[in-house]
Structure formats: C-alpha cells, structure tokens
Amino acid sequence: MNILKKKLNKVNPEIILRIIKKYKSPIWIYHEKIIQKQISKLKKFDIIRFAQKACSNIHILKIMKKNGVKVDAVSLGEIERALKAGFKGNSEDIVYTSDIIEDNTLQKVILHKIPINIGSIDMIKKIGKYSPKHKVWVRINPGFGHGHHKKTNTGGKNSKHGIWNLKKAYELIKKFNLKLIGLHIHIGSGVNYIHLKKVCQAMWTQATSINHKISYISTGGGLTIPYKNYKEKVNIKDYYKIWNKSRNKISKKLDCKIKLEIEPGRYLVAESGLLVSKIESIKNVKNRTFLLLNSGFNELIRPVLYGSYHYISVLPMDNRNLDYSNMIKVIIGGPLCESGDIFTQKENNDLYSIKIPIVKVGDYIIIHDTGAYGASMSSNYNSRPLIPEILIKKNNFIQIRRRQTIQEMLSLEI
Ligand SMILES: *Cc1c(COP(=O)(O)O)cnc(C)c1O
C-alpha cells in the first residue's frame, strides 16, 4: 500500500473529519492511545520523566500523570503547568532543569520544594544563598554532544548547557549546604550506540570523581522516532541495557542504591500528533505546483528551523477515494507573508517536492508526527491566533485547548 495511504488510515480519517466539522481547521490532534503505547515501551526505567517542552498542554501532562510518568519543567510557566496537572512539589514529581534561575522561579521552587537540576555555577550560588539544604541535581556537560541538528546538540564546546567541572561545582554545593541527589546528562537528540557508550563512560567518570552517594542518574532525552526512515527507530532494549549496566557499576562503586531515570520529550508524544490544515490555494508556477494551506510556520516551525521531514498525507473533504496510482509533485507552504513559509524544505532551506494524489481546494492536508515541538513551539507571528488542540480518546474526542481569539491577542496591548 502507498505509504501516505497507510499513514492516513492509521490516524482514522472519519473521526478527523468529524473533528474538523466541529472545530474547523487548522487544528492539532493527538491520539491518547499512542502516548500510552510509547510510555509502556519505557517501563523498565525506574522513572520516566516527560520533558514537557515537547508538548506542554495540561491535559497531555494529566495523561502522563495517570500513567505514572513524572515531569520536567524548564521555566516558571512549565512549573505552573505541572502543578495544575496535579504533580506535587517536595517529591520526585517535578524537577526544574535550567542553566539560569530567575527570581520569580526561585521563589516558586522554594515554596514548593521542587528539586533543581543545576546547569551553571551561578545557579548554585543563588540557590545556596536563598535556599540552603535545597535538593539539587547537576546537569553534566561531558564535553561532547550529539544532535539531529546543530541547534539540538546540547553537549560539547558549542553548547551553553550544563556544568563542565563537577568537582568544582561539588565544592560549591557543599559550601552552600545544598543536597546533591542526582546526576543528569542530556547531550542532544538522536541515539547512536557507540556514542551512547561514550556518554555512559562520561557519567561514570564524573560520578566517581566526587565522593558522594547519589540517589538518581538521569540519561536525559533524545530518543528519536522514525519521522521518515524506520532505521531511526531506537532499540529501547539495548538502550536500557547499556545504561543499566552503567548504573549498576556506579551504584556498586559508590555503595548506594541509584534509580535510573529517562527524560524523553519527543519519544512520548511525537507520533501521537497531527497538524490538520485546509488547502486554500493550488498555484501552478512555471513547472512547479504550490499547495498553500491555512497553517504555516507559526504553527509548525520544525521544517523551517531544522529542515525536519514530516510525512504529509491528504484527507479529502468528502472522504472520496483518491487515486494513489496517479500522483502529482507539489511543494507545500503556508499563509505567512514570508517566502520561507514552506513545510517541504531541507536543512539548507532548499525546497523539495513531495508526491501526493490529485487534490482540490478544500481538501485537507495532514502533517504527521507533529505531537512534539509542534503546538509547544507555535507563535502568533503574522498576528494569527493559536489554534485548538483536540485529544482523541478511544472513539471519542475532546477539545483540550480552544482557539485563541484575535481579541485575546490584542488585549495585551489595549
Ligand atoms: C529537550 C530536553 C529533553 C527532551 O529531548 P527530546 O529530544 O525531546 O527527547 C530532555 N531533557 C532536557 C534537559 C531537555 O532540554
């Protein structure tokens, strides 16, 4: 079967048409079932901590909570979201991870006794001054990194993240009487097993460089999903095995029990999400055909930012049968007043065409695997309101974020 048809059938076209009828397009849609499936694949880890920046809707966080997943927050807003979703302070529920801590965030983490994953020496000084005995982790920068793109590589000399010298940080942590409970390493998105062993080695070197019993090791996030190529699929079994071995070794050496934590964002939500938009115009320009949609990079910025590939399928407005043996080549763009507003572009910003069946204005385009870094990265650029988010539960659906009104957008200025 044609891959696009397969992709479309998988996401249940009838229910999507029902959703559009009720809430119009463009719209984000998530399948709860897929999130649950992804969570279950990571059950071997002692703690699964969702990096909520990938998809921070409170209702998505509630799904995580219901399924035993804990949460990471990288800002005051994300802490508030976690609390709203029912996660508690003074527990393992929430960890605040950052390289800086602003005054209002510090007040909040002190009030709720939220452990802090420290990414800079200045943070140690600030937390130590205002909240001695606070529980802290250290985010280690091992001096090298890995990422699907240089912007998602979070280790090494070009990365602003983490602490390079744990020994030095530890001296300060002791001086300020903070409680070091865990070590964290997140070097970027993408998994490569040779590389992974290097990361584990770095964790070992750092963890044993100080004489301190820790309770947690976090492997960070970075698990990929097969956006295009099924080779991108991570082998969780191997991933766990490598890390588990490393944890056991460190545990033995430090003579303490250590929980192994994983902190995925993308892996848990990417495949659950769709961006559904309407074809508003079909433009033939010289020998090229442009399809223009009612959503742009203000909704989904990944293709523009990283040249990310997403499968794009067609949903006919009347659910008619499409002819997959007669495909046309199209470039897919949005409504923004900016020539870079194209979903089919490579990392170097060159445009490419994709093959789809023949379509009409009014048909819908589905951009697949957009549950991660989709809605959470969207903006009001071109003064376009944020679009709704819908959650499909079994054979039903609920709106989990309504469409922003233009009035709401303007109200900040009036
Ligand atoms: C972004 C981030 C993650 C999640 O990354 P994914 O690639 O979405 O898994 C995990 N931990 C930290 C500290 C992050 O900044």
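A short tour of the structure in this document, coming up. Only a predicted model underlies this, so the values are computations on that prediction, with no experimental measurement involved. (Residues numbered from 1 in each chain as written. Predicted model: local features only at pLDDT ≥ 70, side-chain atom pairs only at ≥ 80, totals over all residues. Heavy atoms only, no water.)

Turning our attention to the overall build of the protein chain. The helix and strand inventory of the protein chain stands at 13 helices and 17 strands. Taking 414 residues into account, the globule formula puts the C-alpha radius of gyration at 22 Å, and the protein chain, at 23 Å, falls close to it. Here the C-alpha coordinates of the protein chain stretch approximately 65 × 50 × 40 Å along the principal axes. Looking at the protein chain residue by residue over its 414 residues, the buried ones come to 56%. A separation threshold of at least 6 residues defines the contact pool for the protein chain, and within that pool the share at least 24 residues apart is 71%. A total of about 19500 Å² of accessible surface is found on the protein chain, and carbon and sulfur atoms cover 51% of it. Across the protein chain, 71 positive and 32 negative side-chain charges occur, with their mean positions spaced 5 Å apart. (Helix = DSSP H or I, 4+ residues; strand = E, 2+ residues; numbered from the N terminus. Rg over C-alpha atoms; globule rule 2.2 N^0.38 Å. Buried < 20%, exposed > 50% of the residue type's maximum accessible area, 1.4 Å probe, protein only. Contact = heavy atoms within 4.5 Å. Areas by Shrake-Rupley, 256 points an atom, 1.4 Å probe, with all protein chains shown as cover. Lys, Arg positive; Asp, Glu negative; His and termini not counted. Charge placed at Lys NZ, Arg CZ, Asp CG, Glu CD.)

Two numbers describe how helix H3 (residues 32-40) lies on helix H4 (residues 58-66): the axes approach to 11 Å, and their chain directions differ by 40°. Considering their axes alone, H3 and H4 lie oblique with respect to each other. Seen along the crossing, H3 lies across H4 with a hand that is right-handed. On H4, the residues touching Glu32, Ile35 and Ile39 of H3 are Ile60, Ile63, Met64 and Lys66. (Axes fitted to C-alpha atoms, helices over the stretch in contact; angles between N-to-C directions. Parallel < 35°, antiparallel > 145°, perpendicular 65-115°, else oblique. Left-handed = near helix turned anticlockwise from the far one by under 90°.)

Residues Ile406, Leu410 and Ile414 make up a contiguous nonpolar surface patch of roughly 320 Å² in combined accessible area. Examined against the element boundaries, isoleucine 406 turns out to sit in helix H13 (residues 406-411). (Patch = residues over 30% accessible without salt bridge, like charges linked within 9 Å, V, L, I, M, F, W, Y side chains within 5 Å. Salt bridge = Lys/Arg side-chain N within 4 Å of Asp/Glu carboxyl O.)

Moving on: the sheet that holds strand E9 (residues 259-262). In spatial order, the strands read E2-E3-E4-E5-E6-E7-E8-E9; together these eight strands close into a barrel with parallel pairing. Ignoring which end each strand starts from, the neighbouring axes of this sheet average 30° apart. As paired elements, strand E2 (residues 47-51) and E9 share two bridges and run parallel to each other. Bridge assignment links isoleucine 48 to a residue of E9, and that residue is isoleucine 262. (Pairing = 2+ DSSP bridges.)

Contact geometry of helix H9 (residues 193-207) with helix H10 (residues 236-254) gives a least axis separation of 10 Å together with a crossing angle of 15°. For the element pair H9 / H10, the angle class is roughly parallel. Relative to H10, the crossing made by H9 is right-handed. For the pair H9 and H10, the contacting residues are Tyr193, Leu196, Lys197, Val199, Cys200, Met203, Trp204 and Ala207 in the first and Asp238, Tyr239, Ile242, Trp243, Ser246, Lys249, Ile250, Lys253 and Leu254 in the second. The residue makeup of the contact of H9 with H10, split by class, is twelve nonpolar, one polar and four charged. (Nonpolar A, V, L, I, M, F, W, Y, C, P; charged D, E, K, R; others polar.)

The subject of this paragraph is the side chain of serine 272. Here serine 272 shows up in the loop between helix H11 (266-269) and strand E10 (273-285). For serine 272, the residues in contact, after removing those within four places along its chain, are Ile29, Tyr30, His31, Ile34 and Ile35.

Once that is clear, we can look at the environment of tyrosine 306. By secondary structure assignment, the location of tyrosine 306 is in helix H12 (residues 302-306). Along the sequence, tyrosine 306 and leucine 351 sit 45 residues apart, while their C-alpha atoms lie 13 Å from each other.

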